[in-house]
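Analysis of the macromolecular model
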Amino acid sequence: MPGELSPIDKAKFAAAKRASAFVESGMKVGLGTGSTAAWMVRCLGERVRDEGLRIKGVPTSTRTADLAREMGIEVISLDEAGWLDLTIDGADEFDAELNLIKGGGGAHLQEKIVATASDRMIVIADPAKEVAHLGAFPLPVEVISFGWTATRKLVEEALEGLDVLGREVTLRMDGTAPFVTDEGNRILDLHLKRIGNPRQLSLLINQIPGVVENGLFIDICDVVVIGHGDGRVEIR
Ligand code: ABF
């Protein structure tokens, strides 16, 4: 374990380390984004260096691509890979059915494409990510910048008939300018507080012109590895 870590970082590291043990030589692996996924990339980099693990990594963001290369992992695109054996990624929330909210880091579009193009998706998380109902974490929706205010209006209208507790929709900012994703799009954050029917919400939001993808991952995650501050790990 690296030097002095806070309990939350110890938990993230424990989950990342355990999940990286699922990776075998010869695999094509989707590499997630975020602080927990960054630990996983470092753990895989160590295995490449110390054990001669041979993998090809498909990163889900420019940040992860930079870190993977720095750690000595061979980086290829999803198109070069074609299909992946496994994706390991973080999440903002997960429920008992292993449905997720992702996209707090603004990378959920590539993350969803990569995870869906994988035989298996493993989520790595600290215990604070587990929820009874999704929705306390704002749901990110990537939208193209053309006409984004009209898209926001349609999203707000779509929320009116749905089983959610909040309906505020905000444009994600990066300082004083709108946040821009790796694909050059914007992010709307939906402050829903509690999502009664995540599957219905996901389908409805994705039908709106201008919406590229929302951060709900329904029936995509196979396993969640939960790390604890004392180094324990649970697998769901
Ligand atoms: C990515 O990073 C995202 O989809 C999610 O928003 C975030 C989780 O970050 P962290 O591991 O830093 O909590 O997985």
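Residues numbered from 1 in each chain as written. Predicted model: local features only at pLDDT ≥ 70, side-chain atom pairs only at ≥ 80, totals over all residues. Heavy atoms only, no water.

**Topic: the pairing of strand β12 (residues 186–191)**
Pairing geometry for strand β8 (residues 139–143) and β12, over five bridges, is antiparallel. Within the sheet, the bridge partner assigned to P140 lies in β12 and is D189. Bridge count between strand β9 (residues 168–171) and β12: four bridges; the pairing is antiparallel. Bridge pairing in β12 links V169 to L190. (Pairing = 2+ DSSP bridges. Helix = DSSP H or I, 4+ residues; strand = E, 2+ residues; numbered from the N terminus.)

**Some points on the layout of surface pockets**
Roughly 250 Å³ of volume is contained in the largest pocket. In this structure, the largest pocket is lined by 14 residues; those nearest its centre are V58, P59, S77, L78 and Q110. Looking at the lining of the largest pocket, the elements with two or more residues in it are β2 (56–59), α3 (62–70), α4 (78–81) and α5 (108–116). Ranked by the residues each element gives to the lining of the largest pocket, the list is headed by α5, at three residues. Across the lining of the largest pocket, the residue classes tally to seven nonpolar, five polar and two charged. (1 Å grid on protein atoms, 1.4 Å probe; cavity = no way out; pocket = protein on both sides within 12 Å on 5 of 7 lines; lining within 4 Å. Points joined across faces, edges and corners; volume = space filled by probe spheres on them. Nonpolar A, V, L, I, M, F, W, Y, C, P; charged D, E, K, R; others polar.)

**Points about helix α7 (residues 198–206)**
Among the residues of α7, P198, L201, S202 and I205 are the ones counted as buried. Within α7, the buried residues cover an arc of 100° as seen down the axis, which keeps them to one side. The elements touched by buried residues of α7 are α5, β8, α6 (148–160), β12, β13 (211–214) and β14 (216–217). (Buried < 20%, exposed > 50% of the residue type's maximum accessible area, 1.4 Å probe, protein only. Arc of directions from axis to C-beta. Contact = heavy atoms within 4.5 Å.)

**Here we look at the pattern of salt bridges**
Using the criterion set out here, one finds 13 salt bridges in the structure. Between D50 and R49 there is a salt bridge whose closest N-O contact spans 2.9 Å. For the pair formed by D50 and R49, the shared burial category is exposed. Through salt bridges with shared partners, one network takes in D89, K102 and E111. (Salt bridge = Lys/Arg side-chain N within 4 Å of Asp/Glu carboxyl O.)

**Concerning the sheet that holds strand β6 (residues 100–101)**
As summarised here, the arrangement of the three strands in space is β5-β6-β14, forming an open sheet in which the pairing is antiparallel. For this open sheet the edge positions go to β5 (93–94) and β14, each flanked by a neighbour on one side alone. Where β5 meets β6, two bridges bridge the pair, whose relative direction is antiparallel. Opposite E93, over in β6, you have I101 as the bridge partner.

**Considering the site of the ligand**
For the ligand, the set of nearby residues contains 14 residues, the closest of which are T33, S35, T36, D92 and E111. A distance of 2.7 Å separates an oxygen atom of the ligand from a polar atom in the backbone of T33. At a separation of 2.5 Å, an oxygen atom of the ligand approaches a polar side-chain atom of T36. Across the complex, the protein chains shield 90% of the 360 Å² of accessible surface that the ligand would expose by itself. Its residues placed into classes, the shell around the ligand shows one nonpolar, eight polar and five charged. (Near = heavy atom within 4 Å. Polar contact = N/O pair within 3.5 Å; in protein donor to acceptor, adjacent residues only side chain to side chain. Areas by Shrake-Rupley, 256 points an atom, 1.4 Å probe, with all protein chains shown as cover.)

**Some remarks on the nonpolar core**
Counting 28 residues, the largest nonpolar core has V23 and M40 as its most contacted members. Listing elements by their share of this core, those giving two or more residues are α1 (7–20), β1 (28–31), α2 (35–51), α3, β4 (84–89), β7 (118–125) and β15 (223–227). The dominant element in this core, judged by the number of residues it contributes, is α2, at eight residues. Setting aside chain neighbours within four positions, we find V23 in contact with V29, L44, R47, L53, I55, L86 and I88. Counting residues in each nonpolar core, the second largest holds 24 residues, with L139, V143, V169 and L188 among its members. (Core = buried A, V, L, I, M, F, W, Y, C linked by side-chain atoms within 4.5 Å.)

**Here we look at the sheet that holds β7**
On the basis of which strands lie adjacent, the open sheet formed by seven strands has the order β3-β2-β1-β4-β7-β15-β16 and mixed pairing. Edge positions in the sheet fall to β3 (74–75) and β16 (233–235), since each of these pairs with one other strand and no more. Docked against the sheet, α1 engages β4, β7, β15 and β16, running at close to 140° with respect to β15. Here α2 sits on the sheet in contact with β1, β4 and β7, set at roughly 115° to β7. (Axes fitted to C-alpha atoms, helices over the stretch in contact; angles between N-to-C directions.)

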